Number of protein chains: 2
Amino acid sequence: MKRVMIRQMMLVAFLLVFGHAVAQTDPLPSWNDGAAKKAIVEFVKTTTEKSSPKFVPPEARIAVFDQDGTLWVEHPMYSQVVYCLDRVPAVVKAKPDLAQVDPFKTVLSGNREAMAKFTMPQLEMILAATLTGMTVDEFTAEAKKWLESAKDPRWKRSYTELTYLPMQEVLKYFRVNGYKTYIVTGGGQDFVRLYSDKVYGVPPEQVVGSAGGTKFGYDKSGKPRLTKEPQLLLNDDSAGKPEGIHLMIGRRPYAAFGNSIGDKQMLEYTQAGDGARLMMLVHHDDDKREYAYGSKSKVGTFTDALMGEAKKKNWTVISMKDDWKQIFAFDK
Amino acid sequence: MKRVMIRQMMLVAFLLVFGHAVAQTDPLPSWNDGAAKKAIVEFVKTTTEKSSPKFVPPEARIAVFDQDGTLWVEHPMYSQVVYCLDRVPAVVKAKPDLAQVDPFKTVLSGNREAMAKFTMPQLEMILAATLTGMTVDEFTAEAKKWLESAKDPRWKRSYTELTYLPMQEVLKYFRVNGYKTYIVTGGGQDFVRLYSDKVYGVPPEQVVGSAGGTKFGYDKSGKPRLTKEPQLLLNDDSAGKPEGIHLMIGRRPYAAFGNSIGDKQMLEYTQAGDGARLMMLVHHDDDKREYAYGSKSKVGTFTDALMGEAKKKNWTVISMKDDWKQIFAFDK
């Protein structure tokens, strides 16, 4: 046996010992003991222990996670909407006529209260103007620059730091147990893919999001390029979530995590499969450490009807206040 | 150290020795030595050896493969079109009025010559009638039944047996070297996903194909279901291939295999990336062991212009006749 192989074997032995030690420590240290933590751990054991009657073969282990409000902060405004608003000045510079037209005029005025009242068609005008019309490469460059510099006004940190530590632990715990973790978000697929690997350990091909079409063509030098088009191929919210999962993954998930009425159908679709399934909803009830909102919020609406459905269908509601010891990695 | 761990270490040692032996055998035994085989082996080495200046990190290793005519037989008719034609009697039984209407009338007559003359809109009517309108579960059950029983008239074998052994070797060779292999096909995504794992070792989530929309809803008992809708979300052919790759994978491939003008844009898009890229086209020039066709064929058209582009751009053309020792696994 060659020396290099002996070295490899020693490395493997080390990993086995080390791996064994890890398996005995708590995989979810930021979670308080309670029904939510118990549901997660029991689901993972039930579906991955060979002797379990509800064992799921590794290739079928799919877990899906909504992003906004489930993996990271969504209040007072989705981070991607902040990006779009921040891009408006550059768009107006390229098309000066827009400066006198609403909703662009209001964005330029900086009046956040007026912006909060934008109608859906007005918001869509802003999204179309700031997310389409450029090449994929141009969009990627702009959005990455923003992600590196923009800060959330409350925490004075990058938006990508505002992910929930307990959910990061869940992502890792699922992956260590052979699950493929997917993000299934109403947010823009091209946007979330720029940071999903770095921030969540989820590679771009495992991000399902709202997606516009692209158009293949050539630049002046004949080099191929893709241009982002305004038409929406997939509105990945509500019924669009199971539709998007079928389109992009083609398998029904075994576990689904969400936080609002836009995740209801994804959880229903998950639950409709055979065997053990896990459906969970993050409830924002912690106004000190994060936010408390529910039925009255425009962003991340969690209606009483949804709470009723969760109870009726045995979906587990995660209380940020009671179930999470720590919210962010940067918290003391 | 526990006994079970010692056993695991011995297993690992065995795998190391065994793995080493495998690495020294020819990964492409069905290929004759020549430019095509050499291009594949050199590309894989260049992109996976740590010391190589063109090393590609494992997470970025994406290789895409057209299916019809690249991985399996497409003549005289795409297998999925045979499926659709075979489904027409059942569709007409459910909607008897169609029996007197073309193109359904012609299909029922069994006149293959007349069917070969169907226009694109006529073919689309057949595809829409046989591939949409039912639930995903109903479609899955019907198509699986057909895949298990239908036989190709020339070889008298299941369509799923008519895959090219040399390309199966390429798929495995890429995967062993850390590449994620994707099928990128003009065929129906839902259809190909039913057998991709079993036939090619490609899981359903790594199949990008022409895809219609689905509609989420509930059956009479309130159980969630997805129904296949007639509208086409992605026509995964020609320019649709790079567009589909961006939508479904979100990364540019390092290697792309095709066989017809419908694969041109996918190869151009692949080549437009930095570093080492591999672009290959299977040429059907073997009328004895399979088929010889090219510029005049309606199915799998390989024009002289495409051959010219391949030469100009250093794409490697695979001659089935000269490069492949054996076509099918069942060949002697």
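This is a predicted model, so every value here is computed, not measured.

1. As for helix α6 (residues 120-131) of chain B
Residues and elements named next belong to chain B.
Moving on, step 1. Along its 12 residues, α6 runs 16 Å from first to last C-alpha, staying within 8% of the 16 Å computed at 1.5 Å per residue.
Moving on, step 2. Residues of α6 that are buried include every one of I126, T130 and L131, and no others. Along the axis of α6, the buried residues cluster in a sector spanning 105°; they form a single face.
Moving on, step 3. For α6, the secondary structure elements touched by its buried residues are α3 (79-94), α4 (104-109), α7 (136-149) and β6 (224-234).
Moving on, step 4. Downstream of α6 by one or two residues, G133 has phi in the positive range, about 100°.

2. Quick look at the packing of aromatic side chains
Residues and elements named next belong to chain A.
Moving on, step 1. Within this structure, the stated rule accounts for 40 aromatic pairs over all chains.
Moving on, step 2. Centroid distance Y83 to W146: 5.4 Å. Interplanar angle 75°. Geometry classified as edge-to-face. Pair noted here: Y83 is in helix α3 (residues 79-94) and W146 is in helix α7 (residues 136-149), with a separation of 63 residues, a long-range link. Comparing Y83 with W146 shows no difference in burial state: the two are buried.
Moving on, step 3. Aromatic side chains Y83 and F191 sit 5.4 Å apart centroid to centroid with 40° between the ring planes, which places their arrangement in the tilted category. Remark: F191 occurs in helix α9 (residues 189-192) and Y83 occurs in helix α3; sequence separation between them is 108 residues.
Moving on, step 4. Through a chain of ring-to-ring contacts, three or more aromatic side chains come together here, namely W31, W155, Y164, Y291, W324, F328 and F330.
Moving on, step 5. Positioned over the ring face of F139 is K228, at 4.6 Å from the centre of the ring.

3. Considering the packing of α3 of chain B against α7 of chain B
Residues and elements named next belong to chain B.
Moving on, step 1. The interhelical angle for the contact between α3 and α7, taken along N-to-C directions, is 105°, at an axis separation of 11 Å. For the element pair α3 / α7, the angle class is roughly perpendicular. Here S79, V82, Y83, D86 and R87 of α3 lie close against α7, whose contacting residues are F139, E142, A143 and W146.
Moving on, step 2. Residue composition of the contact of α3 with α7, grouped by class: 5 nonpolar, 1 polar and 3 charged.

4. A few points about the sheet that holds strand β8 (residues 278-283) of chain B
Residues and elements named next belong to chain B.
Moving on, step 1. Strand order in this open sheet of 7 strands is β6-β5-β4-β1-β7-β8-β9, and the pairing throughout is mixed. Taken across any chain shown, the strands that pair with only one partner, and hence form the sheet edges, are β6 and β9 (316-319). Direction aside, the axes of adjacent strands within the sheet are offset by 30° on average.
Moving on, step 2. Taken together, the 4 bridges between strand β4 (residues 180-188) and strand β5 (residues 207-218) define a ladder with parallel strand orientation.

Scoring rules and cut-offs
- Residues numbered from 1 in each chain as written.
- Chains lettered and ligands numbered in written order.
- Predicted model: local features only at pLDDT ≥ 70, side-chain atom pairs only at ≥ 80, totals over all residues.
- Heavy atoms only, no water.
- Helix = DSSP H or I, 4+ residues; strand = E, 2+ residues; numbered from the N terminus.
- Expected span 1.5 Å × (residues − 1).
- Buried < 20%, exposed > 50% of the residue type's maximum accessible area, 1.4 Å probe, protein only.
- Arc of directions from axis to C-beta.
- Contact = heavy atoms within 4.5 Å.
- Phe/Tyr/Trp six-rings, centres within 6.5 Å; stacked < 30°, edge-to-face > 60°.
- Lys NZ or Arg CZ within 6 Å of the ring centre and 35° of its normal.
- Axes fitted to C-alpha atoms, helices over the stretch in contact; angles between N-to-C directions.
- Parallel < 35°, antiparallel > 145°, perpendicular 65-115°, else oblique.
- Nonpolar A, V, L, I, M, F, W, Y, C, P; charged D, E, K, R; others polar.
- Pairing = 2+ DSSP bridges.

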